[in-house]
Amino acid sequence: MSCVALCQCVRFHWCSTAMEKKLIGCPVCIEHKKYSRNALLFNLGFVCDAQTKTCALEPIVKKLSGYLTTLELESSFISNEESKQKLVPIMSTLLEELNAKGSCTLPIDESNTIHLKLIEQRKDPLIVQEYDVPVFTQCKDQFIKSQWDLTTQQILPYIDGFRHIQKISAEADVELNLVRIAVQNLLYYEVVTLVSIFQYSNVYCTTPKVQNLMDDKSMQEECLLYVTKSGQKRASLRDVFQLYCGLSPGTTVRDLCSRYAQQLQRVDERRLIQFGLVKRLIRRLQKYPVKAIRDERRRPPRLYTGCHSYDEICCKTGMSYRELDEQLENDPNIIVCWK
């Protein structure tokens with residue numbers, strides 16, 4: 001990336017590709033009778049490779065143009081030939097620091113300092129549902145509460161990797177939509193990730209990524225530290241890997257605990273499942289009820305279409321898993337699909 005100052009009379013930022021380069025600019029026109037032709041025209045631009053994604057650079061160009069406009073209005077920085085000579089070293093320093101560090105703080109004079117920072121462009125996060133469970137992706141103790149808004153600060157103590165959004169809302173006494181928005185913001189900045197509600201009746205299966213646990217030494221250390229029960233001798237990798245491989249369709253977590261009681265003496269099964277979901281070593285097999293035969297005299301249940309999981313139905317209706325199971329088992333027209 002390089003910087004260049006041009007002269008044009010346009011009032012909006014532009015982006016153009018030519019000669020295998022991409023140019024981003026923000027032309028400015030300052031109208032005043034002290035200037036020749038009653039206006040000063042200038043344009044600050046960045047020159048990048050043609051393949052460069054410029055979304056993160058456009059706010060920088062606009063902000064830098066704003067700084068130059070302010071300097072001109074306050075001290076005729078651009079129109080004055082003496083101060084104008086400082087532009088080249090200023091632009092060179094900006095270019096070097098933005099390319100090297102992604103940020104720059106450059107004093108111009110006693111009253112003005114340029115502060116610029118490239119903001120990483122992230123994908124829009126998934127929509128947070130009331131049955132999602134937020135889990136911290138980093139150590140919670142390193143989380144700085146004061147950096148976040150008041151709603152986020154209020155719900156932070158309730159984010160433990162096991163409470164779902166609806167439960168966090170109730171226990172923190174915060175409106176549900178506000179909790180969803182706060183968690184979605186944390187999700188955007190990759191402070192948390194989302195997993196499903198933990199139940200001993202849940203069924204999980206391994207993914208091809210489970211092999212990473214055997215190949216990646218750093219993941220092994222992280223996993224054993226995470227899943228070992230508090231106060232117990234460190235769990236063995238063999239036991240942890242055996243437990244993950246014991247998860248299969250038709251096997252609930254309760255079944256796993258019965259079959260591998262010895263291996264679980266030092267392993268916290270809840271944190272074992274949580275770590276596996278976060279690292280994509282395992283995935284949850286969810287139950288989706290479908291109304292197979294439509295009764296023309298009755299409107300089909302809105303939630304029994306095959307698109308709504310047990311987690312969602314229980315959160316929306318207030319039923320427990322057992323109550324929902326009993327209700328569906330008594331209806332011969334409903335089929336439960338696993339996926």
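Here is what the cut-offs are and how they apply
Residues numbered from 1 in each chain as written. Predicted model: local features only at pLDDT ≥ 70, side-chain atom pairs only at ≥ 80, totals over all residues. Heavy atoms only, no water. Helix = DSSP H or I, 4+ residues; strand = E, 2+ residues; numbered from the N terminus. Rg over C-alpha atoms; globule rule 2.2 N^0.38 Å. Buried < 20%, exposed > 50% of the residue type's maximum accessible area, 1.4 Å probe, protein only. Areas by Shrake-Rupley, 256 points an atom, 1.4 Å probe, with all protein chains shown as cover. Lys, Arg positive; Asp, Glu negative; His and termini not counted. Charge placed at Lys NZ, Arg CZ, Asp CG, Glu CD. Contact = heavy atoms within 4.5 Å. Salt bridge = Lys/Arg side-chain N within 4 Å of Asp/Glu carboxyl O. Phe/Tyr/Trp six-rings, centres within 6.5 Å; stacked < 30°, edge-to-face > 60°.

Some thoughts on the overall build of the protein
Then step 1. Looking only at helices and strands, the protein features 13 helices and 12 strands.
Then step 2. A compact globule built from 339 residues would reach a C-alpha radius of gyration of about 20 Å, whereas the protein, at 29 Å, exceeds it by more than 25%.
Then step 3. A total of 339 residues make up the protein; the buried ones form 41% of that total.
Then step 4. Split by element, the accessible area of the protein, about 20,000 Å² in all, is 49% carbon and sulfur.
Then step 5. Side chains of the protein give 45 positive and 40 negative charges; the mean places of these two sets differ by 4 Å.

Structural notes on the side chain of Glu130
Then step 1. Among the structural elements, Glu130 can be located in the loop between β6 (113-117) and β7 (133-136).
Then step 2. Excluding anything up to four places from it in sequence, Glu130 contacts His164, Ile165, Gln166, Leu176, Arg180, Cys315 and Lys316.

Some points on the pattern of salt bridges
Pairing between side chains of opposite charge can happen when their charged atoms approach one another.
Then step 1. One pass over the structure, following the stated rule, counts 11 salt bridges.
Then step 2. Put simply, Glu130 and Lys316 hold a salt bridge, and the shortest N to O gap is 3.1 Å. With a gap of 186 residues between them, Glu130 in the loop between β6 and β7 and Lys316 in helix α12 (residues 310-317) connect regions that are remote in the sequence.
Then step 3. Where Asp331 meets Lys291, a salt bridge forms, and the shortest distance between an N and an O atom there is 3.1 Å. Of this pair, Asp331 sits in the loop between α13 (321-329) and β12 (334-338) while Lys291 sits in strand β11 (residues 287-291), placing them 40 residues apart in sequence.

Let's talk about the packing of aromatic side chains
Then step 1. Under the definition given, this model contains five aromatic pairs.
Then step 2. When the centroid spacing of 5.0 Å and the interplanar angle of 90 degrees are considered together, the rings of Tyr188 and Tyr189 count as edge-to-face.
Then step 3. By relative accessible area, which is 41% here, Tyr189 ends up partly exposed.
Then step 4. An angle of 45 degrees between the planes, with centres 5.7 Å apart, marks the rings of Tyr226 and Phe275 as tilted. Linking Tyr226 in helix α8 (residues 217-227) with Phe275 in helix α11 (residues 269-278), this pair joins segments that are 49 residues apart in sequence.
Then step 5. Assessed through its relative accessible area of 4%, Phe275 is described here as buried.
Then step 6. An aromatic cluster is defined as three or more aromatic residues linked by ring pairs; in this entry it consists of Trp148, Tyr188 and Tyr189.

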